[in-house]
Amino acid sequence: MAPLAQTLYLIDSHAQLYRAYHALPAGRMLAADHKTPTNAVYGFAQILRQLRNRFKPDHLAAVFDPHGPVLREKLYDQYRDKLGAAFSGYKSHRDAMPDDLRPQIDLALELCQAYGIPTLQIEGYEADDVLGTMALQGVAKGLDVVVVSGDKDLLQLVGGRIKVYDPMKDISYDEDTVFELKGVKPGQVVDWLGFRGDSSDNIPGVTGVGDQTAVKLLQEHGSMDAALEHFQTKFASRSKEILDFVAAHQAECDKPKEQRKPIKPPSGVKVVEAYLFAQKESAIASRELARLTLNLPLELDLEKLHCSPPDPQKLVPLFKRLDFNTFLKDFDAAQVARAEAASKPSAEPASLFGDTEADASAKTSYVIIDSQKKLEEFCKKLKKQKCYALDTETTSTDPRACSLVGISISWQAGEAYYLPVRGPDAELLDQNALIGCLRESLEDASQGKIGHHIKFDMQVLRKCGVHLRGVVFDTMIAGWLLDPGALRLNLEELSFKYLNIRKTLTSALIGKGKQQTTMDMVPVADVAQYACADADCTWQLAQKFMPKLKEAGLEPLMRDIEVPLIDVLAEMEWSGIFVDKQLLQSMSANLDAQLAAQENDIYALAGEKFNINSTAQLGVILFEKLGLCSKGKTATGRDSTSEEVLTQLAKEHDLPRMILEYRGILKLKNTYVDQLPTMISTETGRIHASFHQTGTETGRLSSSDPNLQNIPIRSELGRSIRAAFKPLEPDWKILAADYSQIELRILAHYSRDKALQEAFEQGKDIHTAVAAQINGVTEEQVTREQRSRAKAVNFGIIYGQTAFGLSGVLGISRNEAQKIIDAYFAKHPKVRECKDEIIKNALEKGYVTTILGRRREIPQLRASDHAARALGERLAVNTVFQGSAADLIKKAMIEIHEELREGWASRMILQIHDELLFEVAPGEEKKLAKMVREKMEGALKLSVPLVVDVGVGEDWLSAKD
């Protein structure tokens, strides 16, 4: 058997950094110094680690673009001289490298060095050409070569022993894969690129030819040359007619978007055919610019490209500096400690891990309580504790459907107890005996309880007949309050980040995917170690977080709002909400008929049937058949058919408008009308959504399974879906209570703007009042259009809307939108001062706070990139107002919940942003409406009155009308 060939992996480094930069949030990921952006290098590090660990290459190199001019620019200049403005400059349309990305290039080079990966940066030659040249030389030396890139240009290299691997899509391209996914053979890729062009490189291609049309041309004709010859022959006799059309069509597309009009091509000629005839030379030039140069004067030195082992002495300090704690998990505690010790002055402690050479498990005392006698002794100890951490192990993550496997408890670092009731072992506790023994302590509010996502444990215990009381801390919520932008808040992540403890992953016990089992099938001894570590780490994290919360001024928010809210949300989840399944099924059938009718209307307007949900086919209809002007390109170079683009095109043609209507109905049908009935519990007949305190950075609640926060209220269909939300019991009602314009009232409170305050104090319609002020008319003279514009501005101020954004919302020019904004601030100068002050304070402190002290870091404000800074300003202002509104309704929910516990039959079942929903027992309607209004309006004292609209009805819709 012949030995396997060695492998050479070549990384298209700049391309991967750009992709990572745009894939991860710009400005949000900063190094430990809170100044250095790291989003691109973080994604790049993930790719390097994946390549090394998964593929284990023999030889590896990271290729970077040079700093100065490159060979292809000269070729481009030649075509510009010959073909004119279309070739206005190689890559001239590409934006300059973002300021936040520029410093990450050097970090990426440093990262490669620490990983033992050679880097190549050849002056005068683009990375693509270097990659191609080296790939061919690698094959000549008997290697299998893999080019690591998502760049379509490099697919022309595929063939024989060369493949292209896209790490972000996890696709390996060989000849068959290129044809399967792109529709062309590797040998046709250059022709395909020449037809479609590349906007990022300013390679024009042929106007109107996107991915699918280019593929179709090559499938029909085999090559670019054959296709171009076909159209030259076909339309030779109509040359002037076609060229005149192309000139007129291009002139129309050069006009401002709002002034463009569609122009029909000559009879029997499609728009794209006209351009293929007129732009033959452009197509050929574009192809040559896309073709890689594969004979650069470079010599592949395999010895220098040998893949060396990673160097912990270099990687650990680098990962620490960049705050890449996840990557530290690749090293054991001893390696990390040695690397840290080597990087610190000798006067400092050698390690954060203590005795790192010792087995971490030797420091713990984890005890299994597996007999009645042990249980009784344990319960005596437990009753003496003022506070303890607990965690439940279950057979699934659905608290209503799962079974209890065991409970772990800890009240001292390094010590924990596990009480098993299910498992493959013989020695287990009886669940009834366990609950009977623990109930007194679990339900004793004077004993403090700590958990990580303890709401889940509360639900599990409630199913066992226990009402957990005395919850004083949740480490997941504390971790979120301290860092609301954290990507992960699971116990494993927080334990490693704050305790340097590497916990066993759940998947290590029960597996993943199809091979996954359940916790009750795992040996009790293994579950005990895992479960005890959960309780132990939760206890230790609480001790870490408590002083941190106090130092950040977050202790009152945690104690008075977030912890009490856990019980409120647990009760809402347990109660659930009833939906009328039959009503939704009937609605679904009606929507099917409506969609079918709309499909026929769309086909009639298009002149043919096509897949409405295919963006590629829709693009062909809009831009090639109907001749509408493109409004932008996708990342793949295809004409965009996004919602924003279709909204613009709807002003020019009815088809885009109908597509938008069709998409909206289909989305609501699929997301709610058809999905809600599948989520009804067979046990209770209700939907039991999950409510999340840690799902947003502003403090707003979110929900899942289903996401009830996003049911639209502006469309008729969205409102009609609310009619399906009803009480389950006969003679009960639905009560809806909604804060009136709460964020604008908070704006008036913060800004102390007299005009806004007077309008609210006098009970005026705020949008009409503002419209009168900025238009210089009386409120009686305000038109519907003026009020609509004022409403858009009022809410736009809170969300940091620019003139560009407002012009899109109102369908007016940017200049007109700017005049409206200027008029608003002229009448409300205190609002501008308030916004400026929020941004100024955020820039000085690095964070903003809400009315109850909720804190959010705004690192984007320190970004060097203008777009990131502008985003930071919007986030700062929005967080203050939206976050304060979240504080307000949370406080109201807690007070209402406490009142409902005092003998009410009615229950709170849903919270959506500024609205609360209740199921009302017969005879409690008036009393509940009064209580809810008083609690909501009195939750916080503002400088303007709070107003709550309350309605009662047979269902959610009628309660709102």
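Details of the overall build of the protein chain
In step 1: Within the protein chain one finds 37 helices and 22 strands.
In step 2: Each principal axis of the C-alpha distribution contributes one length, and for the protein chain these read about 95 × 85 × 55 Å.
In step 3: Residue pairs at least 24 apart in sequence account for 69% of intrachain contacts in the protein chain once pairs closer than 6 positions are excluded.
In step 4: In the structure as shown, the protein chain presents an accessible area of about 43,000 Å², 49% of it carried by carbon and sulfur atoms.
In step 5: Across the protein chain, the centroid of the 119 positively charged side chains sits 2 Å from that of the 134 negatively charged ones.

Focus: the sheet that holds strand 7 (residues 365-368)
In step 1: The strand order across the open sheet formed by 6 strands is 7-10-9-8-11-12, and the pairing between neighbours is mixed. Every other strand in the sheet has two partners, leaving strand 7 and strand 12 (471-474) as the edge strands with one partner each. Put simply, the sheet's adjacent strands are angled 25° from each other on average, direction ignored.
In step 2: By the bridge criterion, 6 bridges tie strand 8 (residues 387-394) to strand 9 (residues 404-412) in an arrangement that is antiparallel. Counted as the bridge partner of Glu-393 is Gly-406 from strand 9.
In step 3: Its contacts with the sheet put helix 16 (residues 431-442) on strand 8, strand 9, strand 10 (415-420) and strand 11 (448-451), and the angle it makes with strand 9 is roughly 35°.
In step 4: On top of the sheet, helix 17 (residues 454-463) reaches strand 8, strand 9, strand 11 and strand 12; it is set at about 70° to strand 8, its chief contact.

Digging into unusual backbone geometry
Most peptide bonds take the trans configuration, and most residues that are not glycine carry a negative phi.
In step 1: Residue Asp-705 is joined to Pro-706 through a cis peptide bond whose omega torsion reads 5°.
In step 2: Relative to the assigned elements, Pro-706 resides in the loop between strand 15 (702-704) and helix 27 (716-721).
In step 3: Positive phi is not limited to glycine here, since Asn-500 has a value of about 60°.

Here's the deal with the confidence of the model for the protein chain
The predicted coordinates of low-pLDDT regions are not to be read in fine detail.
In step 1: Per-residue pLDDT for the protein chain has a mean of 87; in total, 91% of the residues score no lower than 70.
In step 2: Taken together, the stretch residues 345-362 has pLDDT below 50 and engages in 22 contacts with residues farther than four places along the chain or on a different chain.

What to know about the state of the cysteines
In step 1: Under the counting rule described, the total for this entry stands at 1 disulfide.
In step 2: Note on cysteine connectivity: Cys-379 is disulfide-linked to Cys-437, with sulfurs 2.2 Å apart. With Cys-379 in helix 15 (residues 372-383) and Cys-437 in helix 16, this residue pair connects regions lying 58 residues apart in the sequence. The residues Cys-379 and Cys-437 share a single accessibility class, namely buried.
In step 3: Here Cys-307 stays free of any disulfide, with the sulfur of Cys-112 as its closest cysteine sulfur at 11 Å.

Quick word on the side chain of Arg-700
In step 1: Assignment of secondary structure puts Arg-700 in the loop between strand 14 (690-692) and strand 15.
In step 2: For Arg-700, a relative accessible area of 17% translates into the label buried.
In step 3: Arg-700 has contacts with His-692, Glu-743, Tyr-799, Gln-882, Ala-886 and His-913, leaving out every residue within four places of it along the chain.

Calculation rules
- Residues numbered from 1 in each chain as written.
- Predicted model: local features only at pLDDT ≥ 70, side-chain atom pairs only at ≥ 80, totals over all residues.
- Heavy atoms only, no water.
- Helix = DSSP H or I, 4+ residues; strand = E, 2+ residues; numbered from the N terminus.
- Contact = heavy atoms within 4.5 Å.
- Areas by Shrake-Rupley, 256 points an atom, 1.4 Å probe, with all protein chains shown as cover.
- Lys, Arg positive; Asp, Glu negative; His and termini not counted.
- Charge placed at Lys NZ, Arg CZ, Asp CG, Glu CD.
- Pairing = 2+ DSSP bridges.
- Axes fitted to C-alpha atoms, helices over the stretch in contact; angles between N-to-C directions.
- pLDDT = per-residue confidence, 0-100.
- Disulfide = S-S within 2.5 Å.
- Buried < 20%, exposed > 50% of the residue type's maximum accessible area, 1.4 Å probe, protein only.

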